[in-house]
Amino acid sequence: MNTDKIYAEQIANEYAPKQNSKVKALKRLDSKVKMPATIFTYTFGIIASLVLGVGMCLAMKVLGSSTASMIAGIVIGCFGILGVSVNYPIYKRILNSRKNKYASDIIGLAKEISEE
């Protein structure tokens, strides 16, 4: 095999104009459906776990030494636990609503690809 030829073709392919294929459009549409739900889930999950951590620090008197801070820590920790607990159901609800919104476009494009 001529490795120089293969290397030259790879370099040429990098600089060649990109053609928009239907498969790429389908991948972009799929990403458009899933990305907002994923971004929300990670962001909300991180915030909820940080709230839970602050509540734990207060409850264990790492960030305060009074009984009031311990009680506040328990309350804050409960909000953190609640946030972490509802994160996945919220993710599924957002994802399902976006799937319903874009289902006809994705199915139509997938049928076009499979019929070619």
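We now turn to the structure provided with this report.

**Some details on the packing of helix 2 (residues 22–59) against helix 3 (residues 67–115)**
And then number 1: Contact pair helix 2 / helix 3: the axes reach a minimum separation of 7 Å and the direction vectors enclose 175 degrees. Accordingly, the angle class assigned to the pair helix 2 and helix 3 is roughly antiparallel.
And then number 2: Classifying every residue of the contact of helix 2 with helix 3 gives 29 nonpolar, 11 polar and 7 charged.

**Observations concerning the environment of Glu 112**
And then number 1: Tracing the backbone through its elements, the reader meets Glu 112 in helix 3.
And then number 2: Look at Glu 112 and you get partly exposed, because its relative accessible area is 38%.
And then number 3: It is 27 Å that separates the C-alpha atoms of Glu 112 and Ala 37, two residues lying 75 residues apart in sequence.
And then number 4: Within the local environment of Glu 112, its side chain forms a polar contact with the side chain of Lys 22, the two groups lying 3.2 Å apart.

**Quick look at unusual backbone geometry**
The general pattern is negative phi for most residues beyond glycine and trans for most peptide bonds.
And then number 1: Unusually for a residue other than glycine, Lys 61 sits at a positive phi of about 60 degrees.
And then number 2: Mapping Lys 61 onto the fold places it in the loop between helix 2 and helix 3.

**Here's the deal with helix 2**
And then number 1: Its 38 residues place the ends of helix 2 55 Å apart at the C-alpha level, agreeing with the 56 Å of an ideal helix rising 1.5 Å per residue.
And then number 2: Approximately 30 degrees is the largest bend angle found in helix 2, and it occurs at Lys 34, with the proline Pro 36 only one to four residues beyond.
And then number 3: All of the buried residues along helix 2 are Leu 29, Val 33, Ala 37, Thr 41, Gly 45, Ala 48, Gly 55 and Leu 58.
And then number 4: Next to the buried residues of helix 2 lie helix 3.
And then number 5: At the C-terminal side of helix 2, Lys 61 shows a positive phi close to 60 degrees.

Criteria and cut-off values
Residues numbered from 1 in each chain as written. Predicted model: local features only at pLDDT ≥ 70, side-chain atom pairs only at ≥ 80, totals over all residues. Heavy atoms only, no water. Axes fitted to C-alpha atoms, helices over the stretch in contact; angles between N-to-C directions. Helix = DSSP H or I, 4+ residues; strand = E, 2+ residues; numbered from the N terminus. Parallel < 35°, antiparallel > 145°, perpendicular 65-115°, else oblique. Nonpolar A, V, L, I, M, F, W, Y, C, P; charged D, E, K, R; others polar. Buried < 20%, exposed > 50% of the residue type's maximum accessible area, 1.4 Å probe, protein only. Polar contact = N/O pair within 3.5 Å; in protein donor to acceptor, adjacent residues only side chain to side chain. Expected span 1.5 Å × (residues − 1). Bend = angle between axes of the 7 residues up to and from the residue. Contact = heavy atoms within 4.5 Å.

These values are about where atoms sit, not about what they do.
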